[in-house]
Amino acid sequence: MLTRLKAKSEGKLAKQICKVVLDHFEKQYSKELGDAWNTVRKILTSPSCWQYAVLLNRFNYPFELEKDLHLKGYHTLFQGSLPNYPKSMKCYLSRTPGRIPSERHQIGNLKKYYLLNAASLLPVLALELRDGEKVLDLCAAPGGKSVALLQCACPGYLHCNEYDSLRLKWLRQTLESFIPQPLINVIKVSELDGRKMGDAQPEMFDKVLVDAPCSNDRSWLFSSDSQKASCRISQRRNLPLLQIELLRSAIKALRPGGILVYSTCTLSKAENQDVISEILNSHSNIMPMDIKGIARTCSHDFTFSPTGQECGLLVIPDKGKAWGPMYVAKLKKSWSTGKW
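Just so we're clear, the structure is a prediction, and the values are computed from it rather than from any experiment.

1. Some thoughts on the overall build of the protein chain
At step 1: Helix and strand counts for the protein chain come out as 14 helices and 13 strands.
At step 2: The C-alpha atoms of the protein chain give a radius of gyration of 19 Å, which matches the 20 Å a tight globule of 340 residues would have.
At step 3: With the principal axes as the frame, the protein chain shows a C-alpha extent of 60 × 50 × 40 Å.
At step 4: For the protein chain, with 340 residues in total, the buried portion stands at 53%.
At step 5: Pairs at least 24 apart in sequence give 74% of the contacts found in the protein chain among residues at least 6 apart.
At step 6: Here the protein chain has roughly 15,600 Å² of accessible surface; of this, 53% comes from carbon and sulfur atoms.

2. Brief notes about the nonpolar core
At step 1: Ranked by size, the top nonpolar core spans 51 residues in total, and within it Phe78 and Phe302 carry the most contacts.
At step 2: In terms of residue count, the dominant contributor to this core is helix α5 (residues 121–127) (six residues).
At step 3: Each residue touching Phe302, except ones within four places of it in the same chain, is listed here: Leu77, Phe78, Ala118, Ala119, Leu122, Val315, Lys321 and Trp323.
At step 4: Counting 47 residues, the second-largest nonpolar core is a separate cluster that includes Val21, Ile316, Ala329 and Leu331.

3. Concerning helix α4 (residues 63–71)
The α-helix winds at 3.6 residues per turn, so residues separated by three or four positions along the chain end up facing the same way.
At step 1: The set of residues buried in α4 consists of Leu65, Glu66 and Leu69. Along α4, the residues classed as buried sweep out an arc of 100° about the axis, all on the same side. Summarising the geometry of α4, the exposed residues directed more than 90 degrees from the buried face are Phe63, Glu64, Lys67 and Leu71.
At step 2: Against β1 (53–56), β3 (91–93) and β4 (113–116) lie the buried residues of α4.
At step 3: After α4 finishes, the residue Gly73 shows a positive phi value of roughly 90°.

4. Thoughts on the sheet that holds strand β2 (residues 75–76)
At step 1: Within the open sheet, the four strands sit side by side as β2-β3-β1-β4. Their pairing is antiparallel. Of all the strands in the sheet, just β2 and β4 have a single pairing partner and so form its edges.
At step 2: Relative to β4, β1 runs antiparallel, the two being bridged by four bridges. Bridging from a neighbouring strand, Leu56 pairs with Tyr113 of β4.

5. What about the packing of aromatic side chains?
At step 1: Tallying each qualifying case throughout the model produces eight aromatic pairs.
At step 2: Taking 4.8 Å as the distance between ring centres and 55° as the angle between the ring planes, the aromatic pair formed by Tyr61 and Phe63 counts as tilted.
At step 3: Residue classification places Phe63 among the exposed positions, given a relative accessible area of 55%.
At step 4: The structure contains a cluster of three or more aromatic residues connected by ring pairs, namely Phe25, Tyr29 and Trp37.

6. Thoughts on the environment of Leu242
At step 1: Mapped onto the elements, Leu242 comes out in helix α12 (residues 239–253).
At step 2: The class for Leu242 is partly exposed, based on a relative accessible area of 24%.
At step 3: Residues Leu242 and Val275, 33 residues apart in the sequence, show an inter-C-alpha distance of 9.9 Å.
At step 4: Residues within four places of Leu242 in sequence aside, it is in contact with Arg195 and Pro213.

7. So, the environment of Pro288
At step 1: Structurally, Pro288 is set in strand β10 (residues 286–288).
At step 2: Pro288 sits in the partly exposed class, given a relative accessible area of 47%.
At step 3: Through-space distance from the C-alpha of Pro288 to that of Gly198 is 20 Å; in sequence the pair is 90 residues apart.
At step 4: Every residue in contact with Pro288, bar those within four places of it in the chain, is listed here: Leu280, Cys311, Lys330 and Leu331.

8. Some words on the UniProt feature "active site" (unreviewed entry) in the protein chain
At step 1: Taking the numbering used here, the UniProt-annotated feature "active site" (unreviewed entry) corresponds to Cys265.
At step 2: Note on placement: Cys265 falls in the loop between β9 (254–264) and α13 (273–282).
At step 3: Ignoring any residue separated from it by four or fewer positions in sequence, one finds Cys265 in contact with Cys214, Ser215, Asn216, Asp217, Pro325 and Met326.

9. Quick word on the UniProt feature "binding site: S-adenosyl-L-methionine" (unreviewed entry) in the protein chain
At step 1: Following the UniProt record, the feature "binding site: S-adenosyl-L-methionine" (unreviewed entry) maps to Cys139, Ala140, Ala141, Pro142, Gly143, Gly144, Lys145, Glu162, Asp193 and Asp211 here.
At step 2: A residue is classified by how much of its surface remains accessible, and Pro142, at 23% relative accessible area, is partly exposed.
At step 3: Not counting residues up to four positions away in its chain, the partners in contact with Pro142 are Tyr114, Arg167, Trp170, Leu171 and Thr174.
At step 4: Structurally, the position occupied by Asp211 is in strand β8 (residues 205–211).
At step 5: Side chain to side chain, Asp211 and Lys145 meet in a polar contact 3.2 Å long.

Conventions and cut-offs
Within each chain, residues carry numbers counting from 1 in the order of the written sequence. Predicted model: local features are reported for residues with pLDDT of at least 70 only, side-chain atom pairs are reported and counted for 80 or more only, and whole-chain, interface and lining totals are derived from all residues. The side-chain values count all of the structure's non-hydrogen atoms but skip hydrogen atoms and water molecules. Segments assigned H or I by DSSP are reported as helices when at least four residues long, segments assigned E as strands when at least two residues long, and all are numbered from the N terminus. Between the two quantities, the radius of gyration covers C-alpha atoms and the globule rule is 2.2 Å times the number of residues to the power 0.38. Partly exposed residues are those whose accessible area sits between 20% and 50% of the maximum for their type, while under 20% is buried and over 50% is exposed, using a 1.4 Å probe and protein chains only. The criterion used for residue contact is that any of the two residues' heavy atoms lie within 4.5 Å. Note on areas: Shrake-Rupley with a 1.4 Å probe; residue coverage comes only from the protein chains shown. Among buried residues, those of type Ala, Val, Leu, Ile, Met, Phe, Trp, Tyr and Cys that are joined through side-chain atoms within 4.5 Å constitute a nonpolar core. The arc in question is formed by the directions pointing from the helix axis toward the C-beta atoms. When DSSP finds two or more bridges between two strands, those strands count as paired. Centres within 6.5 Å make a pair out of two Phe, Tyr or Trp rings, where for Trp the six-membered ring is used; the pair is then stacked when the planes are under 30 degrees apart, edge-to-face when over 60, and tilted otherwise. UniProt positions are given in the numbering used here, feature names are shortened, and annotations may be inferred rather than shown by experiment. By the criterion applied in these results, polar contacts are pairs of N or O atoms within 3.5 Å in which, for protein atoms, one can donate a hydrogen and the other can accept it, and in which residues neighboring in sequence qualify only through two side-chain atoms.

Here is the structure:
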């Protein structure tokens, strides 16, 4: 195992930082994050500092691995301190960098664990899924958040949507790898343009997760093709419009009284706070929900940057807490009529 870990680690270190992207981020994030950007940049550009959380699969529980993680000094996320934290979800973190090997996909055999950025569980926890609820994961690939949702509760219906055909295959394989057949029967996988979902299924869902396409800061920094990276940056200004359109569709798909969680894996204010501000300003039937309590509860595991919003959190990578970037906002649909 140690040899495999070493090989994986060396593969990460071999990645080259894309100067075009770094220069672009430098200009933007030094303004938006101030002094915190220096630490964030150091973590994001140093894969040897990256940490990986281990989400255990309750449908094929790895008791031996759990013992091993305890011996290695891993601890559980939130350690029981978050109100409404689902007891059925177990995620282990280490304060030191490194990762255990991923499991291979084997047809008919459920995987025992999923490796992920621990901050990506915050949108799932903010949704507070309950047994029997109808839930939509609007931009579901590669499937980690759908898998995490199913660790929290057993929904009456889970709709996993992914518009990109290649990512859709990845989503299907992830679900097949972690979810037993009886539960697969309450899951629908679709390949619809998320902007059309609200018209296709109006007021259908109790909870909606919009983990939107965004400037994926971690992966963009290691773009191997500088020309492609330049193209991404030039098209980046179009992302907030897409994100707003996805949210408007999600609002249509959400029943009155339902909960909507929006998330991205970028630090960009234009794709985070500004998108949510636009939605709140243009929809009188959408209310912000205060989630500052999550930040207070889990500050020992995550570092947060101020967002200026009670309904929004921004996790930024820090030394020993190399999680994020992850922005999370929580909204509620009221019973009144909204503006469009």
